[in-house]
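Inside the fold
Below, each chain spelled out in residue letters.
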Amino acid sequence: MVFPEQPRPPPETLASGRLTIDLEALVANWRRMAAFAPRSACAAVVKADAYGIGIESAVRALAAAGCETFFVAALSEGLRVRAVAPEAAVYVLDGLIRGSEEFYLAADLRPVLNTMAEAETWAALRPVGPKPPVAIQVDTGMNRLGLSLPEAIALAARADLVTALAPALLMSHLACADDPNNRKNREQLAVFETVTDFFPSLPTSLANSGGVLLGPEFHFSLVRPGIALYGGRASVSHPPLAPVVTMEARILQIHEVDAGQSVGYGAVEKLAQRTRIATLGVGYADGYHRLAGSSDQRPGGFGHIGETYLPIVGRVSMDLITIDVSEAPQAAVGDWVELIGHHIPLDDVAAHATTIGYEILTSLGARLARRYIGSP
Ligand SMILES: *Cc1c(COP(=O)(O)O)cnc(C)c1O
């Protein structure tokens, strides 16, 4: 089995931006999520390169802390988990894509079966060696992936098929778990409970991070947090757990700009007074979204240095951001300015960019230097 190469981030001396990824915070967040659901097992969702932080590092840290089950979206990600966690149960949410069966078998990965056709295909496989168990996903109202309720009930009635599949999990996914007041949560719960009655001996799983925070009736046998592990907000009713990712940019240049002048593309923000501008070596190509820039119409995000918050001035460019350092006289060329981290929450940056923490994390750029701290 040949596993794909990981693209290597540059060393810090070659980079104008850097990420610090705190694996101790990741593990602490996983333990907190596990503690919210004390009667359930706690998996970790590590799709999309573990929400951008690096799947190998995340899986190693979480497996060392006792996490035994991982969920990924794509088969390619499953192979990367298997390479660093030889004992773990690894579920692939995207299910069977045509011709992929041999990879599931070779790497002992578990497909999440989302259609009857996938179930038939998997059941018909007669490998020489052992066949990994599967998860059966039921669509309880998201209308995205999974068997419909009637299909799931029909499957339950076919003992031969169920035996051939040897399912290890019955799962579904919540559409509105980040909002405890949304009626859809209870509606999906009711549908899921109907299905679980048809598979009485099967372990069950419904909750993502937000679902864990909805309370014990949503926990079932296994919970599947993702975003909360990475320090992102999982629910409107609950603050995020510990920050995991810090993004910093170097100051490349500092200059004074006169009142009435503008800064950057489009000249969208005119300065009301003479301003000390620092130009930072990170832009939207590094995952700092362009929409978090500032204009005369709309304020943007912030940088942070020392004790001072420094507003972005003008548009975010591909490789550069300009900030007002008038209030931070100590700021000097070569200094690192925080853009995301302990002073500037991920979700604040997301709000300035009119998106969610998930999207900020999963667009963190490949040319940022990366250092991992708190590794087990
Ligand atoms: C992404 C995903 C999760 C994790 O969701 P978070 O909101 O990040 O906690 C859980 N289950 C499924 C099926 C998912 O696709």
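This structure is a prediction, so every number in the text was calculated from the model and none was measured.

As a further point, take the sheet that holds strand 5 (residues 89–92). Read from one edge of the open sheet, 7 strands run 3-4-5-6-7-8-9, paired in parallel fashion. Only two strands of the sheet have a single partner each, and these edge strands are strand 3 (44–45) and strand 9 (204–205). Note: strand 7 (residues 134–137) against strand 8 (residues 167–171), 4 bridges, orientation parallel. Each residue of the ladder has a partner; that of isoleucine 136, found in strand 8, is leucine 170.

Turning our attention to the site of the ligand. Surrounding the ligand, one finds 14 residues, the nearest of these being Lys47, Tyr51, Ser209, Ile227 and Tyr358. One nitrogen or oxygen atom from the side chain of lysine 47 is found 2.7 Å from an oxygen atom belonging to the ligand. At 3.0 Å from a nitrogen atom of the ligand is found a side-chain nitrogen or oxygen belonging to arginine 224. Here the ligand, which alone exposes 390 Å², has 92% of that area covered by the protein. Class assignment for the residues of the shell around the ligand results in 7 nonpolar, 4 polar and 3 charged.

This part is about the nonpolar core. With 111 residues, the main nonpolar core has Leu26, Val46 and Tyr288 as its most contacted residues. Per-element tally for this core: the top contributor is helix 1 (residues 23–36), with 6 residues. Of the domains in this structure, domain 1 (37–230) and domain 2 (245–373) are the two that each give at least three residues to this core. Dropping the residues within four chain positions of it, leucine 26 is found in contact with Ile53, Ala58, Ala61, Leu62, Leu229, Tyr230 and Val244. Val257, Val263, Ile277 and Val313 belong to the second-largest nonpolar core, a separate cluster that totals 5 residues.

The element helix 3 (residues 55–64) is largely enclosed, with a buried count of 7 among its 10 residues. Listing the buried residues of helix 3 in full gives Ile55, Glu56, Ser57, Ala58, Val59, Ala61 and Leu62. Residues of helix 3 that are buried make contact with helix 1, strand 3, helix 2 (47–51), strand 4 (69–72), helix 4 (75–84) and strand 17 (369–373). Of the residues trailing helix 3, glycine 66 is marked for its positive phi of about 110 degrees.

To continue, consider the environment of valine 263. Counting through the fold element by element, valine 263 comes out in the loop between strand 11 (245–257) and strand 12 (275–280). Between the C-alpha atom of valine 263 and that of alanine 63, which follows or precedes it by 200 residues, the distance is 47 Å. The residues contacting valine 263, other than those within four sequence positions of it, are Glu269, Leu271, Ile277, Val313, Gly314, Arg315 and Thr322.

Let us now look at the pattern of salt bridges. One pass over the full model with this rule turns up 12 salt bridges. A salt bridge links glutamate 56 to arginine 80; the shortest N-O distance between them is 2.9 Å. Of the two residues, glutamate 56 sits in helix 3 while arginine 80 sits in helix 4, which places them 24 residues apart along the sequence. The pair glutamate 56 / arginine 80 is uniform in exposure class, with both members buried. For glutamate 256, the salt bridge identified is with arginine 274, shortest N-O distance 3.7 Å. Of this pair, glutamate 256 sits in strand 11 while arginine 274 sits in the loop between strand 11 and strand 12, placing them 18 residues apart in sequence. Under the relative-accessibility criterion, glutamate 256 is labelled partly exposed at 43%. What emerges from the salt-bridge pattern is a single network uniting Glu12, Arg18 and Glu248.

What follows covers the packing of helix 1 against helix 3. Running from N to C, helix 1 and helix 3 cross one another at 55 degrees; their axes reach a closest spacing of 10 Å. Here helix 3 runs oblique to helix 1, going by the angle between their axes. For the pair helix 1 and helix 3, the crossing hand works out as right-handed. Counting all contacts with helix 1, which are made through Leu23, Leu26, Val27 and Trp30, the residues of helix 3 involved are Ser57, Ala58, Ala61 and Leu62. Per-class residue counts for the contact of helix 1 with helix 3 are 7 nonpolar, 1 polar and no charged.

Both the distance between ring centres and the angle between the ring planes are used here to describe each pair of aromatic rings. As enumerated under the stated definition, the model contains 5 aromatic pairs in all. Their ring planes at 15 degrees and their centres at 5.1 Å tell us that phenylalanine 71 and tyrosine 91 sit as a pair that is stacked. Linking phenylalanine 71 in strand 4 with tyrosine 91 in strand 5, this pair joins segments that are 20 residues apart in sequence. Each member of the pair, phenylalanine 71 as well as tyrosine 91, carries the same accessibility label: buried. Judged by centre distance (4.9 Å) and plane angle (80 degrees), the rings of phenylalanine 192 and phenylalanine 220 are edge-to-face. Linking phenylalanine 192 in helix 9 (residues 184–198) with phenylalanine 220 in the loop between helix 10 (209–213) and strand 10 (222–223), this pair joins segments that are 28 residues apart in sequence. The class for phenylalanine 192 is buried, based on a relative accessible area of 0%. Taking relative accessible area as the criterion, phenylalanine 220 reaches 21% and is therefore assigned partly exposed. In this structure, arginine 18 packs its charged tip against the face of tryptophan 336, placed 4.1 Å from the ring centre.

Looking now at the domain arrangement of the chain. In terms of domains, the chain is made up of domain 1 (37–230) and domain 2 (245–373). Centre-to-centre, using C-alpha coordinates, domain 1 lies 38 Å away from domain 2. Both sides of the domain 1 and domain 2 interface together cover about 720 Å² of buried area, and 63% of this is carbon and sulfur. Among the residues domain 1 hides against domain 2, the three largest losses belong to Tyr51, Ile53 and Ile227. Together they make up 55% of the total. Scanning the region where domain 1 abuts domain 2 turns up 0 salt bridges. Linking domain 1 with domain 2 are 3 residue pairs in polar contact (both at pLDDT 80 or more).

What counts and what doesn't
- Residues numbered from 1 in each chain as written.
- Predicted model: local features only at pLDDT ≥ 70, side-chain atom pairs only at ≥ 80, totals over all residues.
- Heavy atoms only, no water.
- Pairing = 2+ DSSP bridges.
- Helix = DSSP H or I, 4+ residues; strand = E, 2+ residues; numbered from the N terminus.
- Near = heavy atom within 4 Å.
- Polar contact = N/O pair within 3.5 Å; in protein donor to acceptor, adjacent residues only side chain to side chain.
- Areas by Shrake-Rupley, 256 points an atom, 1.4 Å probe, with all protein chains shown as cover.
- Nonpolar A, V, L, I, M, F, W, Y, C, P; charged D, E, K, R; others polar.
- Core = buried A, V, L, I, M, F, W, Y, C linked by side-chain atoms within 4.5 Å.
- Buried < 20%, exposed > 50% of the residue type's maximum accessible area, 1.4 Å probe, protein only.
- Domains from an automatic or database assignment.
- Contact = heavy atoms within 4.5 Å.
- Salt bridge = Lys/Arg side-chain N within 4 Å of Asp/Glu carboxyl O.
- Axes fitted to C-alpha atoms, helices over the stretch in contact; angles between N-to-C directions.
- Parallel < 35°, antiparallel > 145°, perpendicular 65-115°, else oblique.
- Left-handed = near helix turned anticlockwise from the far one by under 90°.
- Phe/Tyr/Trp six-rings, centres within 6.5 Å; stacked < 30°, edge-to-face > 60°.
- Lys NZ or Arg CZ within 6 Å of the ring centre and 35° of its normal.
- Buried area = accessible area lost by both parts, 1.4 Å probe.

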